[in-house]
Amino acid sequence: GAVVSQHPSWVICKSGTSVKIECRSLDFQATTMFWYRQFPKQSLMLMATSNEGSKATYEQGVEKDKFLINHASLTLSTLTVTSAHPEDSSFYICSAKSGGLSSYNSPLHFGNGTRLTVT
Amino acid sequence: GQQVMQIPQYQHVQEGEDFTTYCNSSTTLSNIQWYKQRPGGHPVFLIQLVKSGEVKKQKRLTFQFGEAKKNSSLHITATQTTDVGTYFCAGQEYGNKLVFGAGTILRVKS
């Protein structure tokens, strides 16, 4: 089945530093990837839709200058949390669809997630 | 905008008891998907329902999609400890993004 790899699994950083999270589709090409944020015991909140070769589409309330998304290839999207603060501590999960151009209603394949702790 | 409501928020059952979680969308959906997230893990796709009134089964799990394509349910028969986790429904309007419900946390006492 479709596999999405996310790295790192966890990261601890100091306030003010930046953290980059990678999301790779290992056995399929993903023109679109999605970045979610999840607080403990809560649902997944879509942050942005990452489009290969173009700018990401951010959800309302998500700061695009704070959460930089780059989707440089069909198998890699990155999320950079810039100038991280303790309130950015959360579980970040990426996902992708494997159905190509006709994948708009295809299920999502999730990465393992990245637990970010900002001290 | 589209909202997907899911209840209950939390359920603690005795092993062997049945469990049901319900999902209701504010708008008509093109499809609804169900995911399971184990504690400390990531969501894993379980099933997708597309047709009005559709019923699908996976062993002890039964998934239903309402006639109006606005609600859905997941029923687990005779729960086991391996069923623990959070079950999310996610609804998608035609051509739009997937919207997740709040999830139902299932705990099974052996």
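Predicted model, so just to flag it, every value in this text is computed and none were measured.

The rules behind the values
- Residues numbered from 1 in each chain as written.
- Chains lettered and ligands numbered in written order.
- Predicted model: local features only at pLDDT ≥ 70, side-chain atom pairs only at ≥ 80, totals over all residues.
- Heavy atoms only, no water.
- Helix = DSSP H or I, 4+ residues; strand = E, 2+ residues; numbered from the N terminus.
- Rg over C-alpha atoms; globule rule 2.2 N^0.38 Å.
- Buried < 20%, exposed > 50% of the residue type's maximum accessible area, 1.4 Å probe, protein only.
- Contact = heavy atoms within 4.5 Å.
- Areas by Shrake-Rupley, 256 points an atom, 1.4 Å probe, with all protein chains shown as cover.
- Lys, Arg positive; Asp, Glu negative; His and termini not counted.
- Charge placed at Lys NZ, Arg CZ, Asp CG, Glu CD.
- Disulfide = S-S within 2.5 Å.

Caption draft 1: Spatial organisation of the overall build of chain B. Scanning chain B from terminus to terminus reveals zero helices and 11 strands. Along chain B, from the amino end to the carboxyl end, the secondary structure elements read β-β-β-β-β-β-β-β-β-β-β. By the compact-globule yardstick of 13 Å for 110 residues, chain B fits well, its C-alpha radius of gyration being 13 Å. Structurally, chain B occupies a C-alpha span of about 40 × 25 × 20 Å along its principal axes. Looking at chain B as a whole, 50% of its 110 residues are labelled buried. The contacts of chain B with a sequence gap of at least 6 include a subset with a gap of at least 24, amounting to 54%. Summed over all atoms, the accessible surface of chain B reaches about 5,200 Å², with 50% contributed by carbon and sulfur. Charge separation in chain B, taken as the distance between the mean sites of 12 positive and 7 negative side-chain charges, equals 6 Å.

Caption draft 2: How the structure looks around the state of the cysteines. For the coordinates displayed, the defined rule picks out two disulfides over all chains. Each sulfur in the disulfide pair Cys23 of chain B and Cys89 of chain B lies 1.9 Å from the other. Its torsion about the S-S bond being 70°, the disulfide of Cys23 of chain B and Cys89 of chain B is classed as right-handed. With Cys23 of chain B in strand 3 (residues 19–25) and Cys89 of chain B in strand 9 (residues 85–92), the pair connects residues that are 66 residues apart, well separated along the chain. The residues Cys23 of chain B and Cys89 of chain B share a single accessibility class, namely buried. Considering cysteine sulfurs only, Cys94 of chain A is the nearest to Cys13 of chain A, which forms no disulfide, with 18 Å between them. Judged by relative accessible area, Cys13 of chain A falls into the buried class, the value being 8%.

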